[in-house]
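# Per-entry structural report
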Amino acid sequence: MTSMHRFCRNCGKEYLDNTLRYCASCGTPTGNQTNATGFPGDKEEQSFLMRVGTRFGPTGRQGRLAFVLNVLAIWGVIFAISVIVGFVYFWNNPYAPEDSVDGLAILITIPGYVLTAFQMVKRLHDFGRSPWHLLCFLIPLWHVFEWFKLIFVSGDKAPNDYGPYS
């Protein structure tokens, strides 16, 4: 298999074809870009589900405002679903004990935790950090510092391995 050499159009540094999305020395896009879904094309060409997957999936970078709004949207929907399910359950069974819905509440909140973890991964990508840094959130008291960083600290201004600055 032959490798085709290409050069950065900004700084002239040589790189292998299809190996870099951004020039390692200056950060200029190499032309090997795909959108956040992994498929080339404009947003108009994507289906609604692909756009939702791009917005709430774990790929790409995400700024502070988008992070906060997405997390609030996720938990707002989970809360609305919980209220509706609880209302329907107790409307149909008014003599049910209150703790009979605990298992159902846990099942309803699991997608919220998963989607929030995806948003945290995208925010970590904005800092140029690996998704493995989510394990820092399991350390007592340290997770408070990490949450403050996700919410209040600006990400990298330059392109990194996870995409351009947005």
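First, a word on scope: everything that follows refers to the structure included in this document. Given the structure is predicted, the values throughout are model-derived calculations rather than measurements.

## Structural notes on the overall build of the chain
Across its full length, the chain carries 4 helices and 2 strands. For the chain, the succession of helices and strands along the chain, N to C, is β-β-α-α-α-α. Within the chain, the fraction of its 166 residues that count as buried is 26%. Put simply, 52% of the contacts in the chain that link residues at least 6 apart link residues at least 24 apart.

## Here we look at the nonpolar core
Phe67, Val71, Met120, Leu124, Phe127, Phe137 and Leu150 form the largest nonpolar core, which has 7 residues in total. Sorting the residues of this core by element identifies helix H2 (64–92) and helix H3 (102–126) as the ones contributing at least two each. Contacts of leucine 150, omitting those with residues within four sequence positions, involve Arg64, Phe67, Met120, Arg123, Leu124, Phe127 and Phe137.

## A short note on the packing of H3 against helix H4 (residues 142–152)
At their nearest, the axes of H3 and H4 sit 10 Å apart, and the two run at 70° to each other. The angle between H3 and H4 falls in the class roughly perpendicular. Crossing geometry of H3 relative to H4 is assigned as left-handed. Mapping the contact onto sequence places Thr116, Met120, Arg123 and Leu124 in H3 and Trp147, Lys149 and Leu150 in H4.

## Let's talk about unusual backbone geometry
The phi torsion at leucine 141 lies on the positive side, around 65°, for a residue other than glycine. Secondary-structure assignment places leucine 141 in the loop between H3 and H4. A relative accessible area of 71% means that leucine 141 is categorised as exposed.

## Remarks on the packing of aromatic side chains
Tallied over the entire structure, the rule returns 6 aromatic pairs. Measuring from centroid to centroid gives 5.1 Å for tryptophan 75 and tyrosine 113, while their planes differ by 65°, and the two rings are edge-to-face. Linking tryptophan 75 in helix H2 with tyrosine 113 in helix H3, this pair joins segments that are 38 residues apart in sequence. For tryptophan 75, a relative accessible area of 27% puts it in the partly exposed group. On the accessibility criterion, tyrosine 113 (55% relative accessible area) is exposed. Members of the aromatic cluster, connected to one another through ring pairs, are Phe67, Phe137 and Trp147.

Rules used in this analysis
- Within each chain, residues carry numbers counting from 1 in the order of the written sequence.
- In keeping with the model being predicted, local features are shown solely for residues with a pLDDT of at least 70 and side-chain atom pairs are shown and tallied solely at 80 or more, while totals for entire chains, interfaces and linings include all residues.
- With hydrogens and water excluded, all non-hydrogen atoms of the structure serve as input to the side-chain values.
- In DSSP terms, a helix is any run of H or I states spanning at least four residues, a strand is any run of E spanning at least two, and both are numbered starting from the N terminus.
- Remark: exposure states derive from per-residue accessible area (1.4 Å probe, protein chains only) relative to the maximum for the residue type, with buried under 20%, exposed over 50%, and partly exposed in between.
- Note on contacts: a residue pair qualifies if any of its non-hydrogen atoms lie within 4.5 Å across the two residues.
- Joining through side-chain atoms within 4.5 Å is the link that ties buried Ala, Val, Leu, Ile, Met, Phe, Trp, Tyr and Cys residues into a set, and such a set is a nonpolar core.
- To get an axis, fit a line to the C-alpha atoms, keeping to the stretch in contact for a helix; angles then go from 0 to 180 degrees between the N-to-C directions.
- Reported orientations rely on four angle classes, namely roughly parallel under 35 degrees, roughly antiparallel over 145, roughly perpendicular from 65 to 115, and oblique for the rest.
- Definitions for this section: a left-handed crossing has its near helix turned counterclockwise from the far helix by less than a right angle. A right-handed crossing has that turn clockwise.
- Put simply, two rings from Phe, Tyr or Trp (the six-membered ring, in Trp's case) pair if the centres are within 6.5 Å, and we call them stacked under 30 degrees between planes, edge-to-face over 60, tilted for the rest.

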